[in-house]
Protein chains: 2
Amino acid sequence: MTEVTNGVNVQALLEAREALKAAPEAAQFTWRASAKWQGGVHSTMKVRSFFGLGEEQGHNDEWSFEADHPEVFAAEDNGITPIEYLLVGLASCLTGGIASIAENRGIQLRSVESTVEGAHDIRGILGADSDVRNGFDDIKVTFTIDADASKQEIEALVAQSQKRSAVFDALSNPTNITVEVA
Amino acid sequence: MTEVTNGVNVQALLEAREALKAAPEAAQFTWRASAKWQGGVHSTMKVRSFFGLGEEQGHNDEWSFEADHPEVFAAEDNGITPIEYLLVGLASCLTGGIASIAENRGIQLRSVESTVEGAHDIRGILGADSDVRNGFDDIKVTFTIDADASKQEIEALVAQSQKRSAVFDALSNPTNITVEVA
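So, how was this worked out
- Residues numbered from 1 in each chain as written.
- Chains lettered and ligands numbered in written order.
- Predicted model: local features only at pLDDT ≥ 70, side-chain atom pairs only at ≥ 80, totals over all residues.
- Heavy atoms only, no water.
- Helix = DSSP H or I, 4+ residues; strand = E, 2+ residues; numbered from the N terminus.
- Contact = heavy atoms within 4.5 Å.
- Areas by Shrake-Rupley, 256 points an atom, 1.4 Å probe, with all protein chains shown as cover.
- Least-squares fit on C-alpha atoms with pLDDT ≥ 70 in both.
- Pairing = 2+ DSSP bridges.
- Axes fitted to C-alpha atoms, helices over the stretch in contact; angles between N-to-C directions.
- Buried area = accessible area lost by both parts, 1.4 Å probe.
- Salt bridge = Lys/Arg side-chain N within 4 Å of Asp/Glu carboxyl O.
- Polar contact = N/O pair within 3.5 Å; in protein donor to acceptor, adjacent residues only side chain to side chain.
- Nonpolar A, V, L, I, M, F, W, Y, C, P; charged D, E, K, R; others polar.
- Phe/Tyr/Trp six-rings, centres within 6.5 Å; stacked < 30°, edge-to-face > 60°.
- Buried < 20%, exposed > 50% of the residue type's maximum accessible area, 1.4 Å probe, protein only.
- Parallel < 35°, antiparallel > 145°, perpendicular 65-115°, else oblique.
- Core = buried A, V, L, I, M, F, W, Y, C linked by side-chain atoms within 4.5 Å.

**Quick word on the overall build of chain A**
For chain A, the helix and strand inventory stands at five helices and six strands. Element order for chain A, N to C, with α for helix and β for strand: α-β-β-β-α-β-α-β-α-α-β. Seen along its three principal axes, the alpha-carbon backbone of chain A occupies a region of about 55 × 40 × 30 Å. A sequence separation of at least 24 residues applies to 49% of the contacts in chain A between residues at least 6 apart. Surface summary for chain A: the accessible area is close to 7,600 Å², and the carbon and sulfur share equals 45%.

What follows is the structure in structure tokens.
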């Protein structure tokens, strides 16, 4: 076996795959965020607990996030714009996937950097043109990777990461969202 | 006119809507995030610059975000899981929308809190079952709102916020994503 030290415990993931094949109910996770309005379009979100492997789980720390609109939208810029959080999620999901797949394939990574750009016609959210959608027109991700591998092997890593990415799927395919008032 | 102080400059947004009807090229925004792999499935994302109104723009501060997998995934839990960032974005987008629409309708808000839950069968990302998708099965948002308004008016606020939400659209409808290696 090739010894690679990208720092991903691939053996544990392969064991989890086998274990969850036999116990699909343990594979049902629920991720959560809570939000609190701070005035204007500024809000603070907290993330800590989640459910999975049949019981309540949690991150070791509670993480807190600020969202607002920038000053060009006549707001106070107390945090990033909500839609930018989707780009943060996409970049991190693909990056983690690349590291996991590289570990599994015996490819030593030295650096993985990326830029994610989301094109957005804001006439949609402003209600200026009903033919313009509210979300991104499209998203472009560009990776720069230094690794003990050929260009082809690196491209194959990136392709496989997309194929197994939770966030790539969540943004490229529809998900049903229910919104209720308690 | 009703004077409401939710802190949203609705007049500026209404003026922007009219201005951008006449200048659609100024409405073309590009949001950006950059990411750097930190080892394992841990990565750090930075958000600062964006493009819009025909020129480079920026947040006043550079914001930094950590993503990792939790310890139950045999990782180091140095940040939230990438897919959780989507819930942060959704909660903040709907919350900001509610505040903006309330301001426009003359409804004084006292508090807006929400919980977002994303159901996720992780057999997809683990490759344990090819019939299971990688992303969320579904997402549920629950708002608790205290405002000078009837239950019906509050429900109408929440419904209109969904209709104009960039993130709600981005998660409930497909977006084309291109991934390249530089």
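**Quick notes on the relation of the copies chain B and chain A**
Copy one and copy two of the chain differ by a rotation about an axis and a translation along that axis. Overlaying chain B with chain A gives an RMSD of 0.0 Å, the required rotation being 180° about an axis along which the chain moves by 0.0 Å. Both copies of the chain, as the preceding transformation shows, are related through a two-fold rotation axis. Looking at the interface residues of chain B, 100% of them are also at the interface in chain A, so both copies use one shared face.

**What about the pairing of strand 1 (residues 28-39) of chain B?**
Along a regular strand, successive side chains alternate from one face of the sheet to the other. Pairing of strand 4 (residues 109-121) of chain A with strand 1 of chain B, which is carried by nine bridges, proceeds in the antiparallel orientation. From the neighbouring strand, Thr115 of chain A faces strand 1 of chain B, where its bridge partner is Ser34 of chain B. Two successive antiparallel strands, strand 1 of chain B and strand 2 (residues 42-52) of chain B, enclose a turn made up of two residues, where Gly40 of chain B displays a positive phi of approximately 60°.

**Some points on the sheet that holds strand 5 (residues 138-147) of chain A**
Strand order in this open sheet of six strands is 3(B)-2(B)-1(B)-4(A)-5(A)-6(B), and the pairing throughout is mixed. Two strands lie at the open edges of the sheet, namely strand 3 (55-67) and strand 6 (176-181) of chain B, each paired on one side alone. For this sheet, the mean angle separating the axes of adjacent strands, direction not counted, is 15°. Across six bridges, the pairing between strand 5 of chain A and strand 6 of chain B is parallel. Bridging from a neighbouring strand, Val141 of chain A pairs with Val179 of chain B of strand 6 of chain B. Against the sheet, helix 2 (residues 82-105) of chain A engages strand 4 and strand 5 of chain A together with strand 1, strand 2, strand 3 and strand 6 of chain B, with an angle of about 150° to strand 4 of chain A.

**Some details on the interface of chain B and chain A**
The interface of chain B with chain A comprises 122 residues on the first partner and 122 residues on the second. With both chains or domains summed, chain B and chain A bury close to 10,800 Å², and 63% of this area falls on carbon and sulfur atoms. By the criterion of area lost to chain A, the three top residues of chain B are Trp31, Trp37 and Ile177 of chain B, representing 8% of everything that side buries. For the pair chain B and chain A, the number of links is eight salt bridges. Across the contact surface, chain B and chain A share 59 residue pairs in polar contact (both at pLDDT 80 or more). The element contributing the most residues to the side of chain B that touches chain A is helix 2 (residues 82-105) of chain B, with 17 residues. Classifying every residue of the side of chain B that touches chain A gives 60 nonpolar, 38 polar and 24 charged.

**What about the environment of Ala22 of chain A?**
As for its placement among the helices and strands, Ala22 of chain A is situated in helix 1 (residues 10-22). Sequence separation between Ala22 of chain A and Glu103 of chain A is 81 residues, and the spatial gap between their C-alpha atoms is 25 Å.

**Focus: the packing of aromatic side chains**
Inspection of every chain in the model, using the stated rule, returns 16 aromatic pairs over all chains. Relative to Tyr85 of chain B, the ring of Phe65 of chain A has its centre 5.3 Å away and its plane inclined at 70°; by these criteria the two rings are edge-to-face. Of this pair, Phe65 of chain A sits in strand 3 (residues 55-67) while Tyr85 of chain B is found in helix 2, placing the two residues in two different chains. For the pair Phe65 of chain A and Tyr85 of chain B, one class covers both residues: buried.

**Re the pattern of salt bridges**
With the rule as written, the count across this model stands at 22 salt bridges over all chains. For the salt bridge of Arg133 of chain B with Asp169 of chain A, the shortest nitrogen-to-oxygen distance reads 2.9 Å. With Arg133 of chain B in the loop between helix 3 (123-126) and strand 5 (138-147) and Asp169 of chain A in helix 5 (residues 166-172), this residue pair bridges two chains. Using a relative accessible area of 23% as the deciding quantity, one classes Arg133 of chain B as partly exposed. When its relative accessible area of 6% is taken as the criterion, Asp169 of chain A is described as buried.

**A word on the pairing of strand 4 (residues 109-121) of chain B**
As judged from the 10 bridges shared by strand 4 of chain B and strand 5 of chain B, these two strands associate in the antiparallel manner. Within strand 5 of chain B, the position partnered with Val112 of chain B by the bridge is Ile145 of chain B.

**Description of the packing of helix 1 (residues 10-22) of chain B against helix 2 of chain B**
Two numbers describe a pair of packed helices, the interaxial angle and the distance between the axes. Residues and elements named next belong to chain B. Where helix 1 contacts helix 2, the axes come no closer than 10 Å and their chain directions differ by 95°. The orientation of helix 1 with respect to helix 2, classified from their angle, is roughly perpendicular. Contact with helix 1, carried on its side by Val10, Leu13 and Leu14, involves Ser100, Glu103 and Asn104 of helix 2 and no other residues of that element. Its residues assigned to classes, the contact of helix 1 with helix 2 shows three nonpolar, two polar and one charged.

**A short note on the nonpolar core**
Among the nonpolar cores identified, the biggest contains 110 residues, and Leu90 and Leu109 of chain A together with Leu90 and Leu109 of chain B are the most heavily contacted of them. Look past the residues within four positions of Leu109 of chain B in its chain and what remains in contact with it is Trp37 of chain A together with Asn6, Ile98, Ala99, Ala102, Ile145, Asp146, Ala147 and Leu157 of chain B.

**Some details on the sheet that holds strand 3 of chain A**
Reading across from one edge, 3(A)-2(A)-1(A)-4(B)-5(B)-6(A) is the order of the six strands in this open sheet, with mixed pairing throughout. Bordering the open sheet on either side are strand 3 and strand 6 (176-181) of chain A, each of which pairs with just one other strand. Each strand axis lies, on average, 15° off the axis of its neighbour in the sheet, ignoring direction. The strands that helix 2 of chain B touches are strand 1 (28-39), strand 2 (42-52), strand 3 and strand 6 of chain A together with strand 4 and strand 5 of chain B; relative to strand 4 of chain B, the one it contacts most, it runs at about 150°.

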